[in-house]
Amino acid sequence: MGVIEIEGMKFYAYHGHFEAEKVVGNKFEVNLRIETDCSKAAASDNLDDALNYQSVYETLQAEMKIPSALLEHVAQRMLDALHAKFPAIEHARVKISKMNPPMGGEIEKVSVTLER
């Protein structure tokens, strides 16, 4: 078993409960941890035997483009899409952070982490 992490992915998206968030948008950061069998790719040095990080990123990017009221919903969609597209994934954990959330105070970020 191996672990692949894609960290610090930055997106501008329109997730949020408040109407202004849906219009103005916000900055988000996504971190992903995937557990998968890396032994074949480690032995062959061939991308065809590996989980393609670029395809994984593009899957997350597509989900970030779909507006949602809740980060929990976005994270669940991401996990569903990853498991559907990449059956080699044994386990995945996604953390989505909304930067400077409009909560009436100075807050760096709020985050939601889901895993399956």
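A short tour of the structure in this document, coming up.

Here is what the cut-offs are and how they apply
Residues numbered from 1 in each chain as written. Predicted model: local features only at pLDDT ≥ 70, side-chain atom pairs only at ≥ 80, totals over all residues. Heavy atoms only, no water. Phe/Tyr/Trp six-rings, centres within 6.5 Å; stacked < 30°, edge-to-face > 60°. Helix = DSSP H or I, 4+ residues; strand = E, 2+ residues; numbered from the N terminus. Buried < 20%, exposed > 50% of the residue type's maximum accessible area, 1.4 Å probe, protein only. Pairing = 2+ DSSP bridges. Axes fitted to C-alpha atoms, helices over the stretch in contact; angles between N-to-C directions. Contact = heavy atoms within 4.5 Å. Salt bridge = Lys/Arg side-chain N within 4 Å of Asp/Glu carboxyl O.

## Things to note about the packing of aromatic side chains
So, step 1. Tallied over the entire structure, the rule returns two aromatic pairs.
So, step 2. Judged by centre distance (5.8 Å) and plane angle (15°), the rings of F11 and Y57 are stacked. Placement of F11 in strand β1 (residues 2–13) and of Y57 in helix α3 (residues 53–64) is noted, with a sequence separation of 46 residues between them.
So, step 3. Ring centres 5.9 Å apart and planes at 80° place the aromatic pair Y12 and Y14 in the edge-to-face group.
So, step 4. Judged by its relative accessible area of 35%, Y14 is partly exposed.

## Thoughts on the pairing of strand β2 (residues 26–36)
So, step 1. Of all eleven residues making up β2, eight are buried, and the element is well covered by its neighbours.
So, step 2. Where β1 meets β2, ten bridges bridge the pair, whose relative direction is antiparallel. Across the sheet, F11 pairs through a bridge with F28, a residue of β2.
So, step 3. Strand direction decides the pairing type here: β2 and strand β3 (residues 89–99), joined by nine bridges, are antiparallel. From the neighbouring strand, F28 faces β3, where its bridge partner is K98.

## Section: the sheet that holds β1
So, step 1. Spatially, the four strands line up as an open sheet ordered β1-β2-β3-β4, and their pairing is antiparallel. Both outer strands of the open sheet, β1 and β4 (109–115), are each paired with one neighbouring strand and no more. The sheet shows a mean angle of 15° between the axes of neighbouring strands, taken without regard to direction.
So, step 2. Taken together, the seven bridges between β3 and β4 define a ladder with antiparallel strand orientation. Bridging from a neighbouring strand, V94 pairs with L114 of β4.
So, step 3. Relative to the sheet, α3 contacts β1 and β2, its axis offset from that of β1 by approximately 35°.
So, step 4. Strand contacts of helix α4 (residues 71–85): β2, β3 and β4, with the helix running at about 150° to β3, the strand carrying the most contacts.

## Some points on the pattern of salt bridges
So, step 1. According to the stated counting rule, one finds seven salt bridges in the structure shown.
So, step 2. In this structure, the salt-bridge partner of K40 is D49, at a minimum N-O distance of 3.7 Å.
So, step 3. Judged by its relative accessible area of 24%, D49 falls in the partly exposed class.
So, step 4. A salt bridge links E63 to R77; the shortest N-O distance between them is 2.7 Å. One end of the pair, E63, is in helix α3; the other, R77, is in helix α4, and 14 residues separate them in sequence. R77 carries the same exposure label as E63, and that label is buried.
So, step 5. Bridged by salt links that share partners, the residues E5, R33 and E35 form one connected network.

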